[in-house]
Amino acid sequence: MPVPYVKLNKDGVILIKSSRAEDLLGIQVETIRDCFDEESHNKLMKYMMPFSGEKTFEANIRTKDQPFLLCDVFISWEEEMAHVVFIPTGKHVQGLEEKLLELRLRLSSTDFELFEKKEALEEAMKRLDELSGPFIPISEKMAFVPLFGDISESKMLTVTGSALKAAYEGQFEEIFFDLSATGEMDESGVQKLSELFRMLHYMNGKPVKIIGVKPKHARQLNSLEVDWPVYFETSLKEVLIEHLQFEK
Amino acid sequence: MAISEAEKLARLFLEGNHAEALHFIRQQPDQNRMVLFKDLFTPAMYMIGDLWENNEISVADEHLATGVCDFVLSRLFQVSVEETKREKRAMFLCLQGEQHYLGLKMINSIFEEKGWETKYYGASLPLEYALKSALEMKPEVIGLSVSIVYNLPVLKNYVRTLSALPNKPVILVGGRLTEKYDLDPYVNNQGIIIKNLQQAEKWLDEYIEERINA
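Residues numbered from 1 in each chain as written. Chains lettered and ligands numbered in written order. Predicted model: local features only at pLDDT ≥ 70, side-chain atom pairs only at ≥ 80, totals over all residues.

J.: Sorry if this is basic, but what is going on with the overall build of chain A here?
T.: Across its full length, chain A holds nine helices and 12 strands. The long-range share in chain A, meaning contacts at least 24 apart out of those at least 6 apart in sequence, stands at 55%. (Helix = DSSP H or I, 4+ residues; strand = E, 2+ residues; numbered from the N terminus. Contact = placed C-beta atoms within 7 Å.)

J.: Explain the overall build of chain B here, please?
T.: Helices and strands together make up the secondary structure of chain B, namely 10 helices and five strands. Residue burial in chain B is summarised as follows: out of 214 residues, 36% are buried. Expressed as a percentage of contacts within chain B between residues at least 6 apart in sequence, the contacts between residues at least 24 apart total 73%. (Buried ≥ 20, exposed ≤ 12 C-beta atoms within 10 Å, placed from the backbone.)

J.: In this structure, what is going on with the packing of helix H3 (residues 33–53) of chain B against helix H5 (residues 102–113) of chain B? I would like to understand it.
T.: Angle between the axes and distance between the axes are the two parameters that describe a pair of packed helices. Residue and element names in this part refer to chain B. One way to put it is that H3 packs onto H5 with a least axis distance of 11 Å and a crossing angle of 175 degrees. One finds that H3 runs roughly antiparallel with respect to H5. Listed contacts from H5 to Arg33, Met34, Phe37, Phe41 and Met45 of H3 are Leu102, Met106, Ser109, Ile110 and Glu113. Split by residue class, the contact of H3 with H5 holds seven nonpolar, one polar and two charged. (Axes fitted to C-alpha atoms, helices over the stretch in contact; angles between N-to-C directions. Parallel < 35°, antiparallel > 145°, perpendicular 65-115°, else oblique. Nonpolar A, V, L, I, M, F, W, Y, C, P; charged D, E, K, R; others polar.)

J.: How should I be thinking about the pairing of strand S9 (residues 174–178) of chain A in this particular structure?
T.: Two faces belong to every sheet, and in a regular strand the side chains alternate between them. Residue and element names in this part refer to chain A. Burial runs high along S9: four of the five residues are buried. Bridge count for strand S7 (residues 142–146) against S9 is five bridges, and the pairing is parallel. If you follow phenylalanine 144 over to S9, its bridge partner there is phenylalanine 176. In this structure, S9 lies alongside strand S11 (residues 209–211), joined through three bridges in parallel fashion. The partner of phenylalanine 177 across the bridge, within S11, is isoleucine 210. (Pairing = 2+ DSSP bridges.)

J.: Teacher, can you tell me more about the environment of B:Met106 here?
T.: All names here are of chain B. With respect to the element layout, methionine 106 can be found in helix H5. Each C-alpha atom, one on methionine 106 and one on phenylalanine 77, is 9.0 Å from the other, the two residues being 29 residues apart in sequence. In this view, methionine 106 contacts Phe37, Phe41 and Leu197; residues no more than four positions away in its chain are not counted.

J.: Looking at this structure, I do not really get the nonpolar core. What am I missing?
T.: It is characteristic of soluble globular proteins that their nonpolar side chains tend to be buried jointly. The biggest cluster of nonpolar side chains holds 53 residues, and the ones touching the most others in it are B:Phe13, B:Phe41, B:Ala44, B:Cys69, B:Leu144, B:Val159 and B:Val173. At seven residues, H3(B) tops the list of elements feeding residues into this core. Not counting the four nearest positions on each side in its chain, B:Ala44 is found in contact with B:Ala6, B:Leu9, B:Ala10 and B:Phe13. A:Val159, A:Ala167, A:Phe172 and A:Leu196 belong to the second largest nonpolar core, which has 23 residues in total. (Core = buried A, V, L, I, M, F, W, Y, C linked by C-beta atoms within 7 Å.)

J.: When you look at the interface of chain B and chain A in this model, what are you seeing that I'm missing?
T.: Accessible area lost on assembly of the parts is the figure often given for the size of an interface. In this assembly, 17 residues from chain B lie in contact with 17 residues from chain A. For the side of chain B that touches chain A, the element with the most residues is helix H4 (residues 59–76) of chain B, which contributes nine residues. Of the residues assigned to the side of chain B that touches chain A, the class counts are six nonpolar, eight polar and three charged.

J.: Would you take a moment to explain the sheet that holds strand S6 (residues 136–137) of chain A for this structure?
T.: Working definition: the strands of a sheet are paired by backbone hydrogen bonds and lie parallel or antiparallel to each other. Residues and elements named next belong to chain A. The sheet built from five strands is open, its strands ordered S6-S7-S9-S11-S12 with mixed pairing. The two strands at the open ends of the sheet, each matched to only one other strand, are S6 and strand S12 (231–232). The sheet contact formed by S6 and S7 spans two bridges and is antiparallel. What sits directly across from proline 137, in S7, is alanine 143.

J.: For this particular structure, what's the right way to read the environment of A:Lys10?
T.: All names here are of chain A. Looking at the secondary structure, you find lysine 10 in the loop between strand S1 (5–8) and strand S2 (14–17). Expressed as a C-alpha distance, the spacing of lysine 10 and methionine 49, which sit 39 residues apart in the sequence, is 7.4 Å. Leaving out residues up to four positions away in the same chain, lysine 10 has contacts with Pro50 and Glu80.

J.: Honestly, the confidence of the model for chain A in this entry has me stumped. Any pointers?
T.: For residues with low pLDDT, the predicted coordinates do not support detailed interpretation. Taken over all residues, the pLDDT of chain A has a mean of 86, while the share at 70 or more is 98%. No element of chain A has a lower mean pLDDT than S12(A), which averages 74, and none a higher one than S1(A), which averages 96. (pLDDT = per-residue confidence, 0-100.)

J.: When you look at the sheet that holds strand S1 (residues 89–94) of chain B in this model, what are you seeing that I'm missing?
T.: Residues and elements named next belong to chain B. Ordered by their spatial adjacency, five strands build an open sheet running S2-S1-S3-S4-S5, and the pairing between neighbours is parallel. The open sheet has two edge strands, strand S2 (117–120) and strand S5 (192–193), and neither has a second partner. Looking at chain direction, S1 and S2 are connected through four bridges and run parallel. Across the sheet, residue alanine 90 finds its bridge partner in S2, namely threonine 118. Sheet contacts for helix H6 (residues 127–137): S1, S2 and strand S3 (141–145); angle to S1, the most-contacted strand, approximately 175 degrees.

J.: Honestly, the packing of H3(B) against H4(B) in this entry has me stumped. Any pointers?
T.: Residue and element names in this part refer to chain B. Interaxial distance between H3 and H4 falls to 10 Å at its minimum, and their mutual angle equals 170 degrees. The pairing of H3 with H4 is recorded here as roughly antiparallel in orientation. For the pair H3 and H4, the contacting residues are Phe41, Met45, Ile48 and Trp52 in the first and Val59, Glu62, Ala65 and Cys69 in the second. Classifying every residue of the contact of H3 with H4 by side-chain character gives seven nonpolar, no polar and one charged.

J.: Whenever I open this one, the confidence of the model for chain B confuses me. Can you help?
T.: Residues and elements named next belong to chain B. Predicted confidence across chain B gives a mean pLDDT of 91, with 96% of residues reaching 70 or more. Taken element by element, the predicted model of chain B shows its lowest mean pLDDT in helix H8 (residues 177–180) (89) and its highest in S3 (97). Predicted as a complex, the structure gets a pTM of 0.69 and an ipTM equal to 0.77.

J.: Is there a simple way to explain the environment of A:Lys155 in this structure?
T.: As for its position among the elements, A:Lys155 is in helix H6 (residues 153–169). Put simply, A:Lys155 and A:Arg127 are 28 residues apart on the chain and 9.7 Å apart in space, counted from C-alpha to C-alpha.

J.: Would you mind showing me how to read unusual backbone geometry here?
T.: Trans peptide bonds make up most of the peptide bonds, and negative phi angles are found at most residues other than glycine. Although it is not a glycine, A:Glu79 adopts a positive phi angle of roughly 55 degrees. Phi at B:Ser124 takes a positive value of approximately 40 degrees, unusual for a residue other than glycine. Inspection of the secondary structure assignment puts B:Ser124 in the loop between S2 and H6. Residue classification places B:Ser124 among the partly exposed positions, given that 16 C-beta atoms sit within 10 Å.

What follows is the structure in C-alpha cells.
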C-alpha cells in the first residue's frame, strides 16, 4: 500500500501496519494513542467510537524521526475495526509557516509611528490627486476639467474615476480638458489620460476637446506619438465666446 | 445565542480582517491593556485552539489568525522606540523550537506599560543567544515561555543557566503548559512559575512594592 495505513480494533490496538506506516511511525508502536502527539489525544478520542462513513481530521502525529508532524488523518470503521490513513500535510503548511515568520520579522522591525504617517501621507496624496482634476459643469451641456500639476499615472487614475462618474451622471455634450496649468507629463500618465479620453468619447459619442496646450506639451505629446481622439482648441476664452454666441 | 465579544474578535482573526480587528479593539470601552488581553485577546486565541480541536478549522487557519493577532498587538501596543535607558530592565523569549509567542508578547507589553525597558525576542531563541544578550543587557527579570511538552527538558537548562548569571536575574516561566502540568521539577526553585496574565501582573506589582520598601 503506497500510504501509511494502520488497522485497529476498538481498543485502539494496532493489528496491521503497512510498510509505509512502519517507515513513518516506527516498528514498535502498538496502539493508536502512541501514534498521536499528547496534545492531539483529545481530538483522536472523538473518532474512536465506531461511526458510519469516513471522517478526516488534522492531528500532530508522533513519528519515528520527529516528536510531531502535522498530518491529515482519514478514518473509517467497519464492524469493530477501524482503518486509518495518515497523509503528512507537508509542504504547503510549511510554506505558510515560513511566510508567517517573514511577516513576524517584518512586524518587529516596523516603526508604526512612521507607518501611520506614511498612511496619512498616502491619503493626502490621493486627496491632492482628486483635487488636481476637478470636473466642473459649466452649463447643462458643457463641462470643464482643468488639470493641475504633473500628469502622472496615479493622478490620472484618480481623475479618471471621478471624471467618469460625473460624466455618467450628467448629460454633457462637450467636455473640455484644460492643460494650461499642467507641468511635466510622463509616458504612463499620458497613456492613462488617453484611455480616459477614449472612454469619455465612447460614453458621449463625441470626442473631448483639449485647450491650453503649450508648445512644450505639443513636443512631448509628439515624441510620445500620442494619437488622441480629441479636438484641440486654443483657449477657454475663445471656446466660451463661441459657445455664448451660439446660444444666443 | 448572542456571540461574545471575544468570539467576534476570534472571527475577525480567522477571516484575516486586520483592519476590522483593529477597529474592534479601538472601540472597546475599556482600553486598559490588561483588560483587553485578559478578556478579549486570550479567550479569542483559546477559542481558535478549540475550533482546531473540534475539527472546524485547519492549522493553516490558525496560522492566519496568529499573524493577524500579532499585527493587531504590534499596531496597538507598539514597543516604544525611545532611546532613554530606564532603570528596570526585562527580557522575554520563547525556548528554542517554541513558536507560541503571543502570550509572551502580551506580558512584554504589560511590563512596558509599567515603565520597564524590555527586550522582546519572541519565538524560538537558542540559549546561547539568550545568554549573550542577557550578559550585555543585565536584565533584572527574564521571562521564558514554553508551550510544547518536548521542550520541557530544555526548560531546565534555560532556567539553570540564566538564573546563574552574575546579576542574578529573576526567571519567570510562563506559557500554556504551566496550567496543565506541574513544572516545579523543571524550574527547580530557580524560577517562578506564572500561570496566566493576572498572576504576572500580581507578581509585578508585588515586586515593585518590595523594591520600593527595600
